[in-house]
Structure formats: C-alpha cells, structure tokens
Amino acid sequence: MSKIDRPASEAELADFVRAAVAKKTKLNIAGGGSKQSLGSEVIGRPVSTTKLCGIELYEPASLTLVAEAGTPLKTLEDELAKNDQHLPFEPADYRQLLGSSGEPTIGGIVACAISGPRRIQVGACRDFLIGVRFVNGEGEIIKSGGRVMKNVTGYDLVKLLAGSYGTLGIITQVSFKLLPAPETTACVLLGGLDDERAVSAMSAALGSPFDLSGAAHVPGNADSEPVTMLRLEGFSSSVSYRAEKLRELLLPYGSGDIEVEREKTDKCWKRIRDVGAFADRPGAVWRISLKPGDSPDVVKTIKRSREIDVIYDWGGGLVWLLTSTVDNCGEELIRASVNHVGGHATLIRRPDGAEVKCIFHPQPQLVAKISTELRNQFDPHAILNPGRMGN
Amino acid sequence: MSQIKMPLPDVSILERREQLISGLKSIIDSENVITDPLETIVYECDALTAYRCPPLAVTLPQTTEEVAAILKYCHRNNLPVIPRGAGTSLAGGALPTADSIVIGVARLNNLLEVDLPNRFIRVQAGITNLAVSEAVSGDNFFYAPDPSSQLACAIAGNIAMNSGGAHCLKYGVTTNNLMGVRMVTMEGEILDVGGAHLDPADYDLLGVICGSEGQFGIVTEATLRILGKPEGARPILMGFNSNEVAGACVADIIKAGLLPVALEFMDKPAVIACENFAKAGYPTDVEALLIVEVEGSDSEIDDQLEKIREIARHHNPAVLRESESALQSDLIWKGRKAAFGAMGQISDYMCMDGTIPTSQLPNVLGRMQEMAKQYGLRVANVFHAGDGNLHPLILFDANKPGDQQKCEDFGSAILKLCVEVGGCLTGEHGVGIEKRELMNIQFNEQDLEMQMRIKDVFDSKWLLNAAKVFPTEISQSRRRRNSRSVA
C-alpha cells in the first residue's frame, strides 16, 4: 500500500488537490479509515484528513461546536460530556460491524451521514450540521453555512456535503448545533411481538405525546424471544412519568417492563446503533430505509425467497438485514421488494469476494442525471473518490 | 428612491407580449392565466412592499402537469419565471420583473394524504402552513415550523425560503421537517425527491432544494413530518431591567440543560408596541422581556418552570409571571406573533433577519442602539433568543424623502455587524432581492461561484427567479446568456 498523504492544514490540502488536478491523479480520501469499506472501492492516491485536528470553538451556552474534520469523534464526545452536552444524532461506530480499525473522525461521520437511533426524535447528522468548509475537486476552499444554528443565507451546500462520501469535496471543518445530554434514560420493553405488531406498537408510541428518543425491534430466533425497545430521555421526574404513561398506552401490546438502569439501557441502544447483533456473524449487511409501516411486509417478501435476519430501528423506518452472499447478496430481490413500496437499500458490508451491481440504490433517471451533473460541478476532473458512490 | 435595482426587462419579450400570452392560453385553461393589468397588479409585490413591478402575465395552474406545461413553454421561449407561494416574503423573493411570468401555486392547495401511523402528511404546496397543522390537529398531531405568517404563507414558500418560526429551537426549521417534494424543473420535467422514508439514497437533493429560493424549480407537492402533540405547553414571562441581563439569563437557561420549545426576546420598544396592539398583558416598564415556553404534562411543566424560575432569580427579574390559563397563554403568543403588525400600526418599518452567536446578544443589541442614534432612526427588536435569530424592526417614514434610503443603509449596517461577530445575513426570511448585494460580505467569490454552479445544474438558462440571491453584477453574465436584447 502506498504512503498516505496527510496535509497539515486546509491550505496545504488545497495545494495538494490542485497538484493532483495538474497531474490527473485520482484521490482516495479518508479520515481515520474506519469506514473505508463503505461504498465501492476507490483506486487512487490515499490522502487523509487526520492532521486537520482540533476543536476550533466550543461555546456551551450557544450550543455550538466547530471542529476540524480529522478530529477523532471520541475527542469531541469527551469534551462535550464535560458540559453535559452531546452530538444529538448519536453517531454510530461501525468498526465491529465492518471489521475495520482506525479512529472514526467527525469528518468521516459527516461524509457518510451516520445517524443513530435518536434520529427519529431529534433529526439526522445533516440536521445538526450547521456549517462546513471543504476543498472541491479544483482545489478551491469553499464554505457554506456557518456557526449559527439558524441560517438560510445562500444555498444549503451543508446538506449536500453530508453523505456525499468525499465525492463532492474533502471536508476540512464542520460546525454543529449541540443539545444538552439527557439526565436520565428509561426503556419500555415489550416481549413476544411479531414484526407487524412490533411496528404497530412503535408507531403508537411515536405518535404519542411522550417524546420517544428511540424505537427498535429485534425479532426472535431459536435462542431468544423478540424484544421491542422504546427509549425515553430527559429529566428524571419526566422520564419516569412518561415511561409509566407509555407502558399504559401500550398495554394492548402486552404488559411491558420498564428498565431504568443506565448501564443496561446504554448497552442495548449502543448495540442497536452499531448493529452489534450482526458484527460477529458472517454475511452481507444491507441497510434499508423505508416507510415504517412497509417494513414488515418487505421483510416477509424477502424471507419467502431467502434466509435473512433483520433488526428494526427508527420505529421500523430503518431495517438492517443480514444475509448470505449468494445471488449478489440478494441484490435483485431486495431492491425489487423495496422499489415496490418506495425507499432504498444500500449494501453496508460486502464480504470479501461478494459481488453486487450497485452498492447504493439506483436512482430514477432524472435524479441520477442531476446527481451526476452536481458532481461534475464540484469535481469536474473526477478525482475525488471516483466511483465511491458508483459515479 | 429605492436603492435595490432589478435588471431591465428584455425588450424582445415585451414586444412579443400578445403572442406569448396567447401561447400560454393555448397550453393551459385560459381561466388560469391573468393578463389584465388591473389584475396583474395584485402580483406586483410581496411583503417587501417598497418594491413593485407587475409581471407580463400571471398563471395559476391547478395541476403539476399544468406547471410543467407552463415551464416548458417558458423555457422554450426564454421567458423569465417568478414562482410565487402566498406572497408573504419579507425579502422580495416573489418580486416580478416586467418581462416575467408569475407561476402562483395558490390553486394547488389540496390535502393529498394523511398517514398518522407513519407520521407524515402529503399536501399540494399551495396549502397554507397553518392548514397543515389544522388538518392533523384533531388527531393530536402538528406540523412544527410555525412562521409568524402561518395563517397566510404557503408551504411552497416555506420550502423555498426554509422558513423557521418561534418553536424551532426544539423542532427545527422547514428543512428538518421536510421529507419529500415533487418539483417541476425549468425544463418542465417532474422530479420526485424523498418520500415517507427518513434519509436520502444518494446525494441529499432535498436538502439543497429546500432554501433555494425558487431558483431550482417549482415545488407542487410536499411530504411533511408531523409530530404527536405534547400533552400541554405553558409560557412564562420574564422582564429584566437591561438587555444584557436578559441575554445572560438566556445563556444560563441553555447551559443548565433546559431546552424550552421557545425562547423569545423583545426589547422595550417592541414590548410597548405589541402591548398597545394586542393587549397581551406584557409589562411595559421593563427594558427586555423574555417569553419562555416549555412542554409536557402539567407536572413536567411545573418542574421545568421551577428550574427556569430558579435561574431567572439569579438575574433579579423585574417581572416573573407564569401563564395561568390557556387563554393567557394564547394572549402571550398573540402579542408576540402580532409584533410585525403592531409595528406597522405605528410606523413604516423594515424587518431585518440576521443571526448571531447567542453569546454576542448583549454586544450586538448595544451596538445596534448606538447605530440607531447615528442614523437618527428608531429600532425595535423581537427575536428568537435561543438560536440568536434577530429581527430588528427599523422604523422610518416612507413619505419623508431620504428616510427609506437611510433605513436600508441602517439595515445593511446591522447585517454587516451580524456577519462580523460570526453570524449570517438571514436566519429564516431568505436573501431575495433585499440582501442580494450583501452576499459578498458573508461569502467570497469562490463560495458564490460554487453556489451558482448548482443553479446551472437545475436551471442552465437562469430563467427561474434569476435576479435574486446573488449580487446582480456577478450573476449578470449567466442571466444574459439567453437574453436576446441586452439591457
């Protein structure tokens, strides 16, 4: 493997990209490298942002954080915890799932737009990202948004950069809106529900006034009973009140238990967030995003033709699916089942040797055309992570 | 005279007026085409009323397909298009030019689908913001973004400007609650982005469409996230003897980990105007008034308000008054939401919309008062303190020569100050024509070029609302590419 270039400043990175343009060198962009296996493999000269590291600004009373892209996520989380604040979208750690190493950076989280279970309550990574600076494919330094949480000045390139996997620009700096970290957590647990009933219970809970911050369902198997988990967070008096009310509301789905022990609930939700259940099991892992009510049917349809295991997050709106690598990891069947109702499926873990046609969900012609043209505007020489998103 | 200039109309279009109008009438129901100058005058401006210009014609399509047909026609004939929601833009986002066709979405106002279990609503984009919440209110759901103009403003305009509201500290603005759109491109193609699922499959096109000020296409349908209503909500009023102390109190509330759904700030001139107008029960002898609202069950509300009162007491509030009934709560909000109307009763005004880091509140409020003295104009402040989104209302006399110019200069100076302290030109109203020429202050040439290259993708001819958002000088070469006569 060739040496990894690590520019030490944004200006140096911009110079580096301009030099790459001049030499027509394609670039394989990373932060800490923990998510390098997401998307298609990139053949290019490795460049990393890990030397763009540090917190530029942290104002707890303004709920604002500005950090360089290569800053380890853990550094940020530790710093925020000192003030009982956090990145509300609950960024996941996929290292175990992907079998990767390296330190996840905040730039990498943004580039892959990784949001955890709390997405259903507060929003996704892109919703808390209030500003970015990046180097585009011509080596120009561009900024969008800023450090204030309400900003409609100019187009929202911030959203475009989040989840662009380095194909529109190399992110150098990110700004976030923060929130207070919850004082307490409780979890209402329902046992024994089939997928359909579980999604229905989660819908009832999410439509209630009780402000859930997580709704996940793990179907049973030979060794374990199905469990449906509903999370409440906030001040302790409010959490215990809402947990009891929620349990009452869900009585038609069975008499639920309330778990209040922080260590236990944190562990359960971390396992959902990081897809821990599939980490030590072999096979391909798909991530499917769809209308919550559609998910049990889609799972049922796929199950008729192949063996799969699933985990439901986001009240059913997100399905993690584990399956073998035969028939292109089930690509055709899975995509057809999702297309039937609307939504998308992305292959997150591709075991060595497994083949698929498209890792990302193929888009309708007009959307694909616009995406390609956008990419050409940001990276006219196609040197930034070429092929990563299939383009 | 006004400072903001629109490009001169394309004479070759004006010369072909009759021919173009009959062309339009041949492709959609002629009932939906307005050309009589007595009627097009209704569309000559939006809520930035200082700037007016009737368009060549107005179309009010009733289907997405009609929108597509009109846009195709305009694209073929190189006709500038001005999209229009309800015309409540404070930034001149819907201001026409004489050679333009207005496409209004007012007749696209149907509710298409309500799906409570999956927590979304699908509407035609001409529906009003309030009508969306009302459609699901009976089932104890609501749509979170609540701009002050929510009674009148259209979802289409909310999407174009990425509108906010008083409750967005907790619930976010339009972009955080928008799940999908059906949009017609300038070439007349129908584009579906997003839907009932929560994240994009590829690039976040929805994210960049929202807030693009009608420059990428015309949104005809929207899928919006709806939320279960909280059990209750209650505001508390807190009066302080200085802006600085009120600002410090806001900071302490946030630092304490409390997240009120709303944290509104009014300075003395605003409090007095609102109280005279709405009789909301505001104390008029304080320098700064905070409205803090929390949600939950009665006991949850009691708990949170106790914590907030405790923090406030450290700052010696002159007034600390909790709402005691639903009626009182309504009145408190009625006063706040009537702020702009109340100001309108006492004077002409321009409403600014910059955002600053909340830590800069006392500094910026102080400097604003100094500037008011310099310019010899009065300024009242009503704003979302939790997120630093300021709304300075500059009072002036439109009949007094030079006063509007002075007001605009003062407004520009305030917005420059916002950028200087780390903030931005507009928090929720949009750039429109109003802040167009100030964009150079916040962005450099490369930043703006990158943005304009995105417009190139959606509207290569620069026909859609093209004389907005960007300084006219830098967008000129793109806008002129297709113009037959150079103005």
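Below: a short report on this structure. Every chain's residues receive numbers from 1 upward, in the order its sequence appears when written. Starting at A for chains and at 1 for ligands, labels are handed out in the order in which the entities are written. Local features in this predicted model are restricted to residues of pLDDT 70 or higher, and side-chain atom pairs are both shown and tallied only at a pLDDT of 80 or more, whereas totals for entire chains, interfaces and linings draw on every residue. Water and hydrogen atoms were dropped before computing side-chain values, which therefore reflect all heavy atoms in the structure.

With respect to the overall build of chain B
- The helix and strand tally for chain B stands at 19 helices and 18 strands.
- The globule rule is 2.2 Å times the number of residues to the power 0.38, and the radius of gyration it is compared with is taken over C-alpha atoms. Computed over the C-alpha atoms, the radius of gyration of chain B is 23 Å, within 12% of the 23 Å expected from 2.2 N^0.38 for a compact globule of 487 residues.
- When its C-alpha atoms are laid out on the principal axes, chain B stretches across 70 × 55 × 45 Å.
- Partly exposed describes any residue whose relative accessible area lies between the buried limit of under 20% and the exposed limit of over 50%, with all areas from a 1.4 Å probe on protein chains only and scaled to the type maximum. Taking all 487 residues of chain B together, the buried fraction comes to 64%.
- By the convention used here, residues are in contact when the closest approach between their heavy atoms is within 4.5 Å. Put simply, 71% of the contacts in chain B that link residues at least 6 apart link residues at least 24 apart. Labels follow the DSSP assignment, with helices taken as runs of H or I lasting at least four residues and strands as runs of E lasting at least two, numbered in each case from the N terminus.

Quick word on the sheet that holds strand 15 (residues 319–322) of chain B
Residues and elements named next belong to chain B.
- If DSSP finds at least two bridges between two strands, the strands pair. The strand order 15-12-14-13-17-18-16 describes an open sheet built from 7 strands, whose pairing is antiparallel. Across the chains shown, the open sheet's two edge strands, defined by having one partner strand only, are strand 15 and strand 16 (348–351). The mean angle between the axes of side-by-side strands here comes to 15°, regardless of whether they run parallel or antiparallel.
- One ladder, built from 4 bridges, connects strand 12 (residues 233–240) with strand 15; its direction is antiparallel. Bridging across to strand 15, Met 238 finds its partner in Leu 320. For helices, the fitted axis covers only the stretch in contact; all axes are lines through C-alpha atoms, and the angles between them, taken along N-to-C directions, range from 0 to 180 degrees.

Focus: the environment of Gly 85 of chain B
Residues and elements named next belong to chain B.
- Position of Gly 85 among the secondary structure elements: in the loop between strand 3 (81–84) and strand 4 (101–104).
- On a C-alpha basis, the gap between Gly 85 and Phe 142 in space is 21 Å, while along the polypeptide they are 57 residues apart.
- Aside from chain neighbours lying at most four places away, what touches Gly 85 is Val 105 and Ala 154.

Describing the interface of chain B and chain A
- Residue-level contacts link 88 residues of chain B with 75 residues of chain A.
- Simply put, the buried area is the total loss of 1.4 Å probe accessible area from both parts when two parts are fitted together. For the chain B and chain A pair, buried surface summed over both sides reaches about 6700 Å², with 57% attributable to carbon and sulfur atoms.
- Note on definitions: salt bridges are taken to be side-chain nitrogens of Lys or Arg within 4 Å of carboxyl oxygens of Asp or Glu. There are 10 salt bridges connecting chain B and chain A.
- A salt bridge links Glu 300 of chain B to Arg 242 of chain A, with the shortest nitrogen-to-oxygen separation between them at 3.3 Å.
- Under the rule applied, a polar contact is a pair of N or O atoms within 3.5 Å (in protein, one hydrogen donor and one hydrogen acceptor; residues adjacent in sequence only if both atoms are side-chain atoms). On the surface where chain B and chain A come into contact, there are 30 residue pairs in polar contact (both at pLDDT 80 or more).
- Among the secondary structure elements, those contributing two or more residues to the side of chain B that touches chain A are helix 7 (168–171), helix 8 (174–177), strand 9 (190–194), helix 9 (205–209), helix 10 (243–255), helix 12 (298–313), helix 17 (439–442) and helix 18 (445–458) of chain B.
- Looking at the side of chain B that touches chain A element by element, the count peaks at 10 residues for helix 18 of chain B.
- Grouping the constituent residues of the side of chain B that touches chain A by class yields 36 nonpolar, 30 polar and 22 charged. Each residue gets one label: Ala, Val, Leu, Ile, Met, Phe, Trp, Tyr, Cys and Pro are nonpolar, Asp, Glu, Lys and Arg are charged, and the others, such as Gly, are polar.

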